[in-house]
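# Examination of the molecular architecture
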Amino acid sequence: MTQMVTATLLINGAAQTVRVHPDTPLLWVLRETLKLTGTKYGCGAAQCGSCVVHIEGRAAYSCQTPVSEVGNRPITTIEGLSPDSTHPVQRAWIAEQVPQCGYCQSGQIMRAAALLKQNPRPTREDIIAEMQLHLCRCGSYRRVVAAVERAARGG
Amino acid sequence: MHKRADAEHHPSRRAVLGGGCFTLAFLLTPGRQLRVMSARAQPTTLSANTWVSIYADGTIEIMCPTSEMGQGIFTSLPLILAEEMDADWSRVRVVQAPVSPAFANPVHFKSQGVGGSRSLRGYWMPMRLAGAHARTVLLANAATRWQVPRAELTTEPSRVIHAASGRSISYGEIAAFASLPADLPAPTEADLKPQSRWRLIGRDVPRVEVPSKVNGAATFGIDVQRPDMLYASILRAPVATCPHPLYTQAVVIGPTRIDDRAALAIEGVTQVVALDHGVAVLGTDYWATVKGKQALKVEWQTGAKSERYDSLTALDEFSAIARDPSRKGVARGNTGDVAAAFETAARTLSGEFSSEHVYHAAMEPMNATASVRDGEVDLWSPTQGQTWARDTVVKTLGVAPDKVRVHTTFLGGGFGIKTEQLTTAEAVLLSRAAGKPVKVIWSREDDIRNGAYRPAAAHRLEAALDAAGRITGWKHRLVADSVLLRARTAQLDQFKGFDVVVMSGAVTTYAIPNKHHEFIHQDRGIPLGYWSANGAGLTNFAIESFLDEIAGALGKDPVALRLELLGEPRGKRVVEAVAAMAQWDRKREGTALGIAYSDGGEWNCKCAQVAEVSVDRRSGVVKVHKIFAAVDPGIAVQPDHLAQQIETGILFGLGAALRERITIEDGRVQQANFGAYDLTRSRDVPEIEIKIVDTGHRGMSGAGQPGVPPVAPAVANAIAALTGARMRRTPMLPERVQAAMKR
């Protein structure tokens, strides 16, 4: 595969046409082709969760999703989670002062938002089972759990 | 969203803001005195030396001299200036400072950079004085305007008050007409606010950049975009080398034969560039360069010393050397007559400990973006060392320092690795080669395999005890490769070969009359670097584990033994505090406690921790239920940041204690990604209880690292208390715990 192809993606409610290699992970199309850099590269191997976005409302590793497999499924990135950073998860994240370096937080926030959509009243065990898919080298883990619990209460 | 303006790139602040701008500029001279450069706004010429700018609309811009990497420095340093200036914090805008001697940290190599937990210690007084000076200038202008004595004026946040006449004026209003009094004396420490009048210091305020970190707006190095920018992916030699451009003893293994035909056939790849230490694939599309890198066929030079390095074999060799009294190293900080203490001892004890390499695993991998054009260089970098970045550009390209502009972005974690400057050199070389801006992104695999690891180290400790059970003699021999040899040879020479980075924390402050601390250097050609807490993470594991063994041999309580050995009150207080928090004397069912103490050395931050653990005796898996930490930092500028930093240190140290390791065989790093490098995750996190202990100390300390060292020995001591098994090597992998329990 040495040649690029054209693909049209539905991102944060807008259609975006890009010319990239078909095996390009969605992550890099978002970050470098479309300059939506809030979604982060951490490992490229579904190990750290920094790249998590929503595809059809569900948390997905954008580093593991080749652009050729996205089709017309709607994608939401951290930039599109809310128009003004007032999603309950974002509010809870600020209230709990979760981010330190902040690099992993977009992925964590997207995962938490997807979790609460499917399970609005998660137990602490539910939260840890889901959020442990994410790595945070600053060790914000306990604040992440507190923030998800706060968001479940309304943010 | 937090504005990430760079002061150098305001074409005209007046034009941007439309109002009068009054700029106070201070240059810090080596004597820490403030010299006023100019008052009236000439922003294009003054911005490089400016700490604080006051705008007519009331906005106050304060420079943050160094890098925000999660430690909260973007808030806590400007807040110190705002405190003395009596600024309304809600009107403060923080600006990342450019590289300038004015912003150098006096205790950090006299350069701009963040490391060694030195930011608060270095900038505390300069920023207080700058704030006091700004306030004095505002008072002087108000006094002149109102024709009243300056002594009759007071301030409230961002307002000058004349109580006698009932008048007040805002800082912004003053800025609109202010000039700088010619006779204004430089402020001294006597002019500073007493602690009783602090409004900001010691009270938690929300971090200024946090809102930008929940919506994707915060710009990290890897996020930088420049018009017409190319990307670069770089293939490097398979063996671990040390090609870093500022290193005094770099080891460079380069390509001998490059077949780039397949790479160049990939759409989006524009160029392949041979570097001294690698082969770079450039392109208009990042993924194209990744594919191009995979398609390269490269043969490499051989002969690096590290080709013969096997990390586990080396650790066994190091242990044998530590045990062999004929092998001599370099001693430092010795006291008394150690030989006599051991000759006259009623009994002696010894203990051996070792630690494998660990890796930084900052979530943002190494990267840098450069634009080299017409002899001018712009570098955008998530760097822990702005001055070193500039120096690297100067050395790499042979340009003058004033042709280099370093733009510091937010850092997606640092922990020491982002002091390294290889990406800086790569980005500027490639931008010059391409004639366009270039962003270099290391893959996670690049990042793991081209790291600068914490040294693998082996220790032998010996203690001489007298008939009364007192420790009269202490010997600590540590065998490891050197961090300073390649990075800072002059510093190694300064200490006559005693690597103060590796030996951090080895010179124990416990009240033992006869002490010997020795570093035995084994140069194995492996790239090593600063890693959170440096050697203190190694030496504290050995010292505090051995101390528990001594306590056991003497039948003493581990807390009591430490209190007996602690000569100074701060250390005693934190040990007492953590013992009380953990209810040290309460027996547990199925779990046990272990304690460790770190005096914090240069950081001047005392930290004692107690770990509560259980062990699955079949699998050897250790579960850490809770960590109690008592910490005395002196003044806690932002108590919540401090607790966060200690917690970061605890979890960082816990990973190295239990699961993280880099293994190297034939000079090749065996781990490629997080699947093989096992970081702490949410499920592994214990309860953590942190107490800031006020011992009356009013000095300034650093909080980035003090949480790290006590974790491993506290956990090891708890395992020993529970099972009788003494853990002698980190990480304390389940199979090692199992083996120790069978012994």
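All values derive from a computational prediction rather than experimental measurement. Position numbers for residues start from 1 in each chain and track the written sequence from start to end. Throughout, the order in which chains and ligands are written sets their labels, letters from A for the former and numbers from 1 for the latter. Residues qualify for local features only when their pLDDT is at least 70, as the model is predicted, and side-chain atom pairs are given and counted only at 80 or more; totals for whole chains, interfaces and linings, by contrast, use all residues. Computation of side-chain values covers all heavy atoms of the structure but excludes hydrogens and water.

### Some words on the packing of aromatic side chains
Stacked, edge-to-face and tilted are the three classes for Phe, Tyr and Trp ring pairs, Trp counted by its six-membered ring, which pair at centre distances within 6.5 Å; planes under 30 degrees apart are stacked, over 60 edge-to-face, the rest tilted. Enumeration over the complete set of coordinates arrives at 16 aromatic pairs over all chains. Each ring, one from Phe-353 of chain B and one from Phe-541 of chain B, has its centre 5.8 Å from the other, and the planes form 80°; the classification is edge-to-face. Separated by 188 residues along the polypeptide, Phe-353 of chain B in strand S15 (residues 347-355) and Phe-541 of chain B in helix H15 (residues 536-554) bring together distant segments of the chain. The cut-offs for exposure are 20% and 50% of the maximum accessible area for each residue type, with area from a 1.4 Å probe on protein chains only; residues under the lower value are buried, those over the upper are exposed, and the others partly exposed. Classification of Phe-353 of chain B by relative accessible area gives buried; the value is 1%. Through a chain of ring-to-ring contacts, the aromatic side chains of Trp-28 and Tyr-41 of chain A together with Tyr-231 and Tyr-286 of chain B assemble into a single cluster. In this structure, Lys-475 of chain B is placed above the aromatic ring of Phe-342 of chain B, and the distance from its NZ or CZ to the ring centre is 4.5 Å. For helices the rule is a DSSP run of H or I covering at least 4 residues; for strands it is a run of E covering at least 2, with both sets numbered from the N terminus onward. Only Lys NZ and Arg CZ are tested; either one counts as a charge over a ring when it is within 6 Å of the ring centre and within 35 degrees of the ring normal.

### Some words on the sheet that holds strand S17 (residues 376-381) of chain B
Residue and element names in this part refer to chain B. Read across the sheet, seven strands follow the order S11-S12-S9-S19-S16-S17-S18 without closing on themselves; strand pairing throughout is mixed. Of all the strands in the sheet, just strand S11 (269-275) and strand S18 (404-408) have a single pairing partner and so form its edges. In this sheet, adjacent strand axes meet at a mean angle of 20° when their direction is disregarded. Strand pairing requires that DSSP identify at least two bridges connecting the strands. When S11 meets strand S12 (residues 278-283), the two strands line up antiparallel, connected through six bridges. Every axis in this analysis is a line fitted to C-alpha atoms, fitted for helices over the stretch in contact. Angles between the N-to-C directions lie between 0 and 180 degrees.

### A short note on the pattern of salt bridges
By salt bridge we mean one thing: a side-chain nitrogen of Lys or Arg within 4 Å of a carboxyl oxygen of Asp or Glu. Inspection of the entire model under this criterion finds 60 salt bridges over all chains. Where Glu-68 of chain B meets Arg-207 of chain B, a salt bridge forms, and the shortest distance between an N and an O atom there is 3.2 Å. Of the two residues, Glu-68 of chain B sits in the loop between strand S4 (60-64) and helix H3 (73-85) while Arg-207 of chain B sits in the loop between helix H5 (171-177) and strand S9 (230-236), which places them 139 residues apart along the sequence. Comparing Glu-68 of chain B with Arg-207 of chain B shows no difference in burial state: the two are buried. Several salt bridges converge on common partners, so that one network encompasses Arg-31, Glu-32 and Lys-40 of chain A together with Asp-223 and Lys-439 of chain B.

### Focus on the domain arrangement of chain B
Residue and element names in this part refer to chain B. Where each domain starts and ends comes from a domain assignment, either automatic or drawn from a database. The assigned domain composition of chain B is domain 1 (21-193), domain 2 (221-304 + 366-441) and domain 3 (311-357 + 453-742). Centre-to-centre separation of domain 1 and domain 2, based on C-alpha positions: 38 Å. Whether two residues are in contact is decided by their heavy atoms, any of which lying within 4.5 Å being enough. Facing the 15 residues of domain 1 at the interface are 15 residues of domain 2. Of the roughly 1100 Å² buried at the junction of domain 1 and domain 2 (both faces included), carbon and sulfur atoms supply 57%. Looking at the side of domain 1 facing domain 2, the largest losses of area belong to Ser-67, Met-69 and Val-99, adding up to 42% of the total buried there. Each residue belonging to the side of domain 1 that touches domain 2 can be placed in one class, and the counts come to six nonpolar, eight polar and one charged. Once two parts are joined, some of their accessible surface, as seen by a 1.4 Å probe, is lost; buried area is that loss totalled over both. In this count, Pro and Cys sit with the nonpolar residues alongside Ala, Val, Leu, Ile, Met, Phe, Trp and Tyr, while Asp, Glu, Lys and Arg are called charged and the others, Gly among them, polar.

### Concerning the confidence of the model for chain B
Residue-level pLDDT values for chain B average 91, and 93% of them are 70 or greater. Per the prediction output, this complex has pTM 0.94; the corresponding ipTM is 0.98. Scored from 0 to 100, pLDDT reflects the predictor's confidence in each residue.

### Side note on the state of the cysteines
Two cysteine sulfur atoms form a disulfide, by the criterion used here, when they sit within 2.5 Å. Inspection of every chain in the model, using the stated rule, returns zero disulfides over all chains. This cysteine, Cys-48 of chain A, is not joined by any disulfide, and Cys-43 of chain A carries the nearest cysteine sulfur, 3.7 Å off. Between Cys-64 of chain B, a free cysteine, and Cys-101 of chain A, which holds the nearest cysteine sulfur, the sulfur-to-sulfur gap is 15 Å. Among the residues examined, Cys-64 of chain B registers a relative accessible area of 0% and is labelled buried.

### As for the packing of H3 of chain B against helix H4 (residues 119-146) of chain B
All names here are of chain B. Between H3 and H4, the least distance of the axes is 6 Å, while the angle of their chain directions is 35°. Judged by the sense of rotation from one axis to the other, the crossing of H3 with H4 is right-handed. Packed against H3, whose contacting residues are Ile-73, Leu-77, Pro-78, Ile-80, Leu-81, Glu-84 and Met-85, the element H4 presents Ser-119, Leu-120, Tyr-123, Trp-124, Met-127, Arg-128, Ala-130, Gly-131, Ala-132, Ala-134, Arg-135 and Leu-138 at the interface. Within the contact of H3 with H4, the residues separate by chemical class into 14 nonpolar, two polar and three charged. Crossing handedness follows the turn of the near helix against the far one: under a right angle anticlockwise gives a left-handed crossing, and clockwise gives a right-handed one.

### Some remarks on the domain arrangement of chain A
All names here are of chain A. Its domain assignment divides chain A into domain 1 (5-80) and domain 2 (82-152). Using C-alpha coordinates to define each centre, domain 1 is positioned 20 Å away from domain 2. The interface of domain 1 with domain 2 comprises 19 residues on the first partner and 16 residues on the second. Buried area between domain 1 and domain 2, summed over both chains or domains, comes out near 1500 Å², and the portion from carbon and sulfur atoms is 53%. The largest share of the area that domain 1 buries against domain 2 comes from Val-52, His-54 and Ile-78, three residues that together contribute 31% of it. We call two N or O atoms a polar contact when they sit within 3.5 Å, provided that within protein one can donate a hydrogen and the other can accept it, with sequence-adjacent residues counted only if both atoms are side-chain atoms. Run the count over domain 1 and domain 2 and you get seven residue pairs in polar contact (both at pLDDT 80 or more). Across the side of domain 1 that touches domain 2, the residue classes break down as seven nonpolar, nine polar and three charged.

### Some remarks on the sheet that holds strand S23 (residues 592-598) of chain B
All names here are of chain B. With mixed pairing, the four strands of this open sheet are ordered in space as S23-S24-S25-S28. Bordering the open sheet on either side are S23 and strand S28 (687-692), each of which pairs with just one other strand. Each adjacent strand pair in this sheet contributes to an overall mean axis angle of 15°, direction not counted. Bridge count between strand S25 (residues 622-632) and S28: six bridges; the pairing is parallel. Paired with Ala-630 across the two strands is Lys-691, which belongs to S28. Contacts from helix H18 (residues 639-658) reach strand S24 (606-615), S25 and S28, with the element oriented near 135° to S28.

### A closer look at the interface of chain A and chain B
Contacts between the two partners involve 54 residues from chain A, matched on the other side by 65 residues from chain B. It is Gln-100, Arg-137 and Arg-142 of chain A that lose the most area in chain A upon contact with chain B, and together they represent 18% of the buried surface on that side. Between Lys-40 of chain A and Asp-223 of chain B there is a salt bridge, and its shortest N-O distance comes to 3.0 Å. For the pair chain A and chain B, the interface holds 37 residue pairs in polar contact (both at pLDDT 80 or more). Listed by contribution, the elements that provide at least two residues to the side of chain A that touches chain B are strand S2 (14-20), helix H1 (26-33), helix H2 (88-95), helix H3 (105-118), helix H4 (124-131) and helix H5 (141-152) of chain A.

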